[in-house]
Protein chains: 2
Amino acid sequence: MFDKIAIFGVGLIGGSFALALKKAGAVREVAGVGRSAPVLARARALGIIDRACGSAAEAVAGADLVLIAAPVAQTGAILSSILPHLEAGTVVTDAGSTKCDVVAAAREALGERIAQFVPGHPIAGREQNGPDAALDDLYIGKKAVLTPLPENRTEDVERVGAAWRACGAIIHRLTAEEHDKVFAAVSHLPHLLAYALVDDIARKPHADLLFQYAASGFRDFTRIAGSSPEMWRDISLANRAALLAELDAYMLQLGAVRERLAAADGAALEAVYANAQHARQNWVRTIEAAEKQNRQGGD
Amino acid sequence: MFDKIAIFGVGLIGGSFALALKKAGAVREVAGVGRSAPVLARARALGIIDRACGSAAEAVAGADLVLIAAPVAQTGAILSSILPHLEAGTVVTDAGSTKCDVVAAAREALGERIAQFVPGHPIAGREQNGPDAALDDLYIGKKAVLTPLPENRTEDVERVGAAWRACGAIIHRLTAEEHDKVFAAVSHLPHLLAYALVDDIARKPHADLLFQYAASGFRDFTRIAGSSPEMWRDISLANRAALLAELDAYMLQLGAVRERLAAADGAALEAVYANAQHARQNWVRTIEAAEKQNRQGGD
């Protein structure tokens, strides 16, 4: 399906994309670019990439598709490095967790070639990072959100969608603005809350005692605080306005819950807890039904 | 080891205690008391209890050990119902997630018989509740915290410890005050935060869209919001002072993180995230090493 794909950033996200396409027999050659020679060498040793490229020129020459899977703050610089070598038949996409800032950076970097950039975001991840964390089945049954631009050609959007579908993902479409608001609420804010909690506990004088008694509930609650600080710094800054809005709404909610607790208003507290439990149970039932359907071949 | 054990509350916690003791061959007969006849019947059908008792008198007659595994707010009433039938050779313990309030309720209910009550708290749980959720291996390798009273006889504390050890748990000791402060930070606050977040999202006009894109990170972060609202209402109220203190500290922390985000101070944000990631990685390494040692038979 693809003769050559170039991947900028050969860690968990880019590496899993390459492995999945290779497993599907959907690509002949994968070229990789990275900030560090040892990481690139490791990606090559793991069979993620076929060629470790020292320049954007080498990587994108003759590429059908380019995936940028680096921290979002680097998107503009990477696109600028690609532009002088960008062939007319190449489609560029990304895997960034924020989209408005990526689109702005892409417009700035690519100018009149912006039509060749189709923004995307695969909704998948693991606690681990780097090429060793890459999995050929990371995207199976997961959502890949595309936020196409008005300038994009239908067939270019379809080319990006076909690559993610070959990885096993299910294509969804949102506007960049919708995307960023949604993920501020269900992903970026939870990350900030988990990081803030663990940092708060770790700074207490009796942190060792506290961690000693933290159990499986704490472990799940804070799993996302094991994610890359650099990546989440970039995401937080890139989606700052939407994240601040969600954080403010949550702090108001916490203040309201605090009042109920301070007033020992058991019925009002239970109403919050019960509404949350009910909503979560419905949600889990829905996603489990969808996962079951995906496994059975529907989408 | 035990001739007869009586369990008040035959759900996840009490039911798993009974199943584990039976599997270990450590008890001849388990008597159960519950608020609902169908639940008691189900526990009997599942082999959790040998006898469904309609009264405290029937349940505690001749019992070596009584476990109260009901929502903490009911501890006082249950102890009052036990008192008239409490034999001199019976030790009573509980599995409540808070201890200061349980001790106060026990002193109030038992009066001069308080020496027979050894407060406890097994650190184990699941998202599911009720007798069908009970597992004979729920406590293997988990901590069981005892917060003995000055009045307790050493051999009575040891009897309770022996029961939990027979379930596979590792015995820890704290004062009731230490216990409540520690669990406010690492358990009660995270539950409140998770409930508050899911409730907040569920009340937004576009909640369906948000839940549609919530992924595995959100699922883990909110797993504890699937817990019983009634139980967590009681825990929140029972440990209100310590929980309010932790909540206030966390809200200050969130305010500080918000300022960093609003100022687009990437380095300061990253410092919080990196400290959290580092602390969590150390913690996970420590508990994984301990779990490995436990599996190998040490404790």
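The structure presented is a predicted model; accordingly, all values stated were derived computationally and were not measured. (Residues numbered from 1 in each chain as written. Chains lettered and ligands numbered in written order. Predicted model: local features only at pLDDT ≥ 70, side-chain atom pairs only at ≥ 80, totals over all residues. Heavy atoms only, no water.)

1. Concerning the relation of the copies chain B and chain A
For clarity, the threshold we go by: Only residues with pLDDT of at least 70 in both copies contribute their C-alpha atoms to the least-squares superposition of the copies. What makes two residues a contact is simply this: any of their non-hydrogen atoms within 4.5 Å.
Structural alignment of chain B on chain A gives an RMSD of 0.0 Å, achieved by rotating through 180° and translating 0.0 Å along the axis. Interpreted geometrically, this transformation is the action of a two-fold axis. By C-alpha distance to the rotation axis, the residue of chain B lying nearest is Phe221(B), at 2.0 Å. Here 100% of the contact residues of chain B are again contact residues in chain A; the copies associate through an equivalent surface.

2. What about the domain arrangement of chain A?
All names here are of chain A. Condition: The split of the chain into domains comes from an automatic or database domain assignment. Summed over both partners, the accessible area (1.4 Å probe) lost when two parts come together is defined as the buried area. In the analysis that follows, any N or O atom pair within 3.5 Å is treated as a polar contact, provided that within protein one partner can donate a hydrogen and the other can accept it, and provided that, for residues neighboring in sequence, both atoms belong to side chains. In this classification, Asp, Glu, Lys and Arg are treated as charged, Ala, Val, Leu, Ile, Met, Phe, Trp, Tyr, Cys and Pro as nonpolar, and every other residue, Gly included, as polar.
For chain A, the assigned domains are domain 1 (2–174) and domain 2 (178–263). Computed from C-alpha coordinates alone, the two centres of domain 1 and domain 2 are separated by 29 Å. Summing the contributions of domain 1 and of domain 2, the shared interface buries around 1300 Å²; its carbon and sulfur component is 62%. The largest share of the area that domain 1 buries against domain 2 comes from Ser 97, Glu 127 and Leu 174, three residues that together contribute 37% of it. At the junction of domain 1 and domain 2, the tally comes to four residue pairs in polar contact (both at pLDDT 80 or more). Tallied by class, the residues present in the side of domain 1 that touches domain 2 amount to seven nonpolar, six polar and five charged.

3. Considerations on the interface of chain B and chain A
Selection criterion: Basic side-chain nitrogens of Lys or Arg form a salt bridge, by our definition, when they fall within 4 Å of a carboxyl oxygen of Asp or Glu. A run of H or I in DSSP counts as a helix once it spans at least four residues, and a run of E counts as a strand once it spans at least two, with each numbered from the N terminus.
Taken residue by residue, the interface counts 90 residues in chain B and 90 residues in chain A. Its largest share of buried area at the contact with chain A, chain B owes to Tyr213(B), Tyr273(B) and Arg280(B), together 10% of the area lost on that side. At the junction of chain B and chain A, the tally comes to 10 salt bridges. Taken together, the links from chain B to chain A amount to 38 residue pairs in polar contact (both at pLDDT 80 or more). Elements represented by at least two residues in the side of chain B that touches chain A include exactly β8 (143–146), β9 (170–173), α7 (176–202), α8 (207–213), α9 (216–221), α10 (229–238), α11 (240–262) and α12 (266–295) of chain B.

4. Section: helix α2 (residues 37–45) of chain B
For an α-helix, the turn length of 3.6 residues means that residues three or four places apart are oriented alike. The opening residue of α2(B), the one whose side-chain oxygen lies 3.1 Å from the backbone nitrogen of Val39(B), is Ser36(B). Positive backbone phi, at 80°, marks Gly47(B), one or two positions downstream of α2(B).

5. Things to note about the packing of aromatic side chains
What counts here: Each aromatic pair joins two rings of Phe, Tyr and Trp (for Trp, the six-membered one) with centres within 6.5 Å, and gets the label stacked for planes under 30 degrees apart, edge-to-face for over 60, and tilted for any other angle. Throughout this description, buried means an accessible area under 20% of the type-specific maximum (1.4 Å probe, protein chains only), exposed means over 50%, and partly exposed covers the range between.
Throughout the structure, instances matching the rule amount to 15 aromatic pairs over all chains. On the numbers, 4.2 Å between centres and 10° between planes, the contact of Tyr195(A) with Tyr273(B) is stacked. In this pair, Tyr195(A) is assigned in helix α7 (residues 176–202) and Tyr273(B) in helix α12, connecting two distinct chains. When its relative accessible area of 0% is taken as the criterion, Tyr195(A) is described as buried. A relative accessible area of 1% means that Tyr273(B) is categorised as buried. Taking 6.2 Å as the distance between ring centres and 35° as the angle between the ring planes, the aromatic pair formed by Phe211(A) and Trp283(B) counts as tilted.

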